[in-house]
Amino acid sequence: MNRIACTKRCLTPLFLMVCLAGCRSPLNKYEGVFDRYYATTLGMSTSSDVLATIQDPKTEYLSQSESVVASWGKAERKDRTHWFNMVAFDEEQMTAVRKYGFILEETTWGLNRTPLPALRFDGEMVMSSEVLDAAYANNNAKLLAVLSAARDLFKKDATEVTYESDVLRSSTMMVYQAFNSVINRLTQSPAYAVKLPELEGMEFDHPTLGESRIRMVIEDQVVKVKIKAGKWWFVEGPAELPWIEKPFEKHQDVLNM
């Protein structure tokens with residue numbers, strides 16, 4: 001939202017509360033990143049299918065190895081806004097077995113306030129039966145093991161393509177930091193794992209972005225992970241101000257996992 005639009009809205013009583021803090025840039029400006037994420041279907045989408053849809057050639061670059069492809073970009077004049085889509089394939093059948101979408105978006109709250117970043121990461125991966133069906137002491141131990149395996153798969157996939165780009169490497173590092181923060185907390189306090197599948201997710205602190213939530217659900221052989229970090233994801237606004245973010249458990253993409 002630009003300053004002119006913000007000023008116009010401030011002229012009406014309805015938006016007085018917003019003007020006291022200034023105008024807010026929305027967190028969903030780069031929703032196209034996740035449109036491409038949803039366009040890939042695990043076990044069905046082939047490498048040619050993904051290559052046809054994963055990249056916006058006008059704004060993004062492409063990095064790939066024999067079994068992983070990633071598109072990534074960075075906003076001009078906003079060093080803290082960068083994103084990627086990444087897909088890993090079964091090396092024999094060449095169908096998608098893991099996919100990831102990420103955005104670190106610089107957000108603004110207040111005309112004279114320092115912009116703050118907010119992160120969203122979505123991951124979906126086919127998990128091996130060795131991990132899912134192993135004998136665990138309890139369900140919390142299983143959830144920790146599955147999450148750790150998901151982190152390791154993500155790291156393996158990222159390592160194959162990030163050598164070409166500092167931007168992509170920085171993006172994947174922030175995701176890895178988030179995984180590690182959650183796993184460290186669960187290692188110290190396993191009881192928190194019960195929150196992972198719930199709509200509210202599990203709270204944790206990202207080392208650079210602070211307040212964060214993670215939700216993980218397991219459907220048959222597929223593990224789905226969603227992470228949001230940065231305080232603006234969790235601000236509850238009044239109904240008449242729809243661009244103010246709702247709590248994590250009310251986000252449509254959380255509800256639809």
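Each remark here, short or long, concerns the structure printed above.
1. Quick word on the overall build of the protein chain
- The helix and strand inventory of the protein chain stands at 8 helices and 8 strands.
- The long-range share in the protein chain, meaning contacts at least 24 apart out of those at least 6 apart in sequence, stands at 55%.
- Just so you have it, the protein chain exposes about 12800 Å², and 52% of that area is on carbon and sulfur atoms.

2. As for the pairing of strand E5 (residues 116-126)
- In terms of burial, E5 is a largely internal element, 9 of the 11 residues being buried.
- When E5 meets strand E8 (residues 222-229), the two strands line up antiparallel, connected through 8 bridges. Within the sheet, the bridge partner assigned to glutamate 124 lies in E8 and is lysine 224.

3. Re helix H3 (residues 32-39)
- All buried positions along H3 are accounted for by Val33, Phe34, Arg36 and Tyr37. Buried residues of H3, viewed axially, fall in a sector of 155°; they line one side.

4. Focus: the packing of helix H6 (residues 139-161) against helix H7 (residues 166-188)
- At a minimum axis distance of 10 Å, the contact between H6 and H7 shows a crossing angle of 165°. By the criterion of interaxial angle, the relationship of H6 to H7 is roughly antiparallel. At the point where H6 passes H7, the crossing takes the left-handed sense. Note on element contacts: H7 touches H6 through Leu168, Thr172, Val175, Tyr176, Phe179, Asn180, Val182, Ile183, Leu186 and Thr187, opposite Leu144, Leu147, Ser148, Ala150, Arg151, Phe154, Lys155, Ala158 and Val161.
- Grouping the amino acids of the contact of H6 with H7 by side-chain chemistry returns 13 nonpolar, 4 polar and 2 charged.

Reading guide: rules and limits
- All residue numbers here refer to positions counted from 1 along the written sequence of the relevant chain.
- Where local features are concerned, this predicted model is filtered to residues with pLDDT of at least 70; where side-chain atom pairs are given and counted, the filter is 80 or more; whole-chain, interface and lining totals use all residues.
- The basis for every side-chain value is the complete set of non-hydrogen atoms in the structure, without hydrogens or water.
- Runs of E in the DSSP output that reach at least two residues are strands. Runs of H or I that reach at least four are helices, and both are numbered from the N terminus.
- Throughout, a contact is declared for two residues whenever any of their heavy atoms are within 4.5 Å.
- In these tables, accessible area is a Shrake-Rupley quantity obtained with a 1.4 Å probe, and a residue counts as shielded only by the protein chains included in the view.
- Whether a residue is buried, partly exposed or exposed follows from its accessible area with a 1.4 Å probe, protein chains only, as a fraction of its type maximum: under 20%, in between, or over 50%, in that order.
- Pairs of strands are assigned from DSSP output, requiring at least two bridges between the strands.
- The arc in question is the one spanned by the directions pointing from the helix axis to the C-beta atoms.
- Note on definitions: angles span 0 to 180 degrees between N-to-C directions of axes, and those axes are lines fitted to C-alpha atoms, for helices only across the stretch in contact.
- Orientation is classified from the angle alone, with under 35 degrees giving roughly parallel, over 145 giving roughly antiparallel, 65 to 115 giving roughly perpendicular, and any other angle giving oblique.
- Handedness of each helix crossing follows the sense of rotation of the near helix against the far helix: counterclockwise by less than a right angle gives left-handed, clockwise gives right-handed.
- Gly counts as polar in this scheme, as do all residues outside two lists: the nonpolar Ala, Val, Leu, Ile, Met, Phe, Trp, Tyr, Cys and Pro, and the charged Asp, Glu, Lys and Arg.

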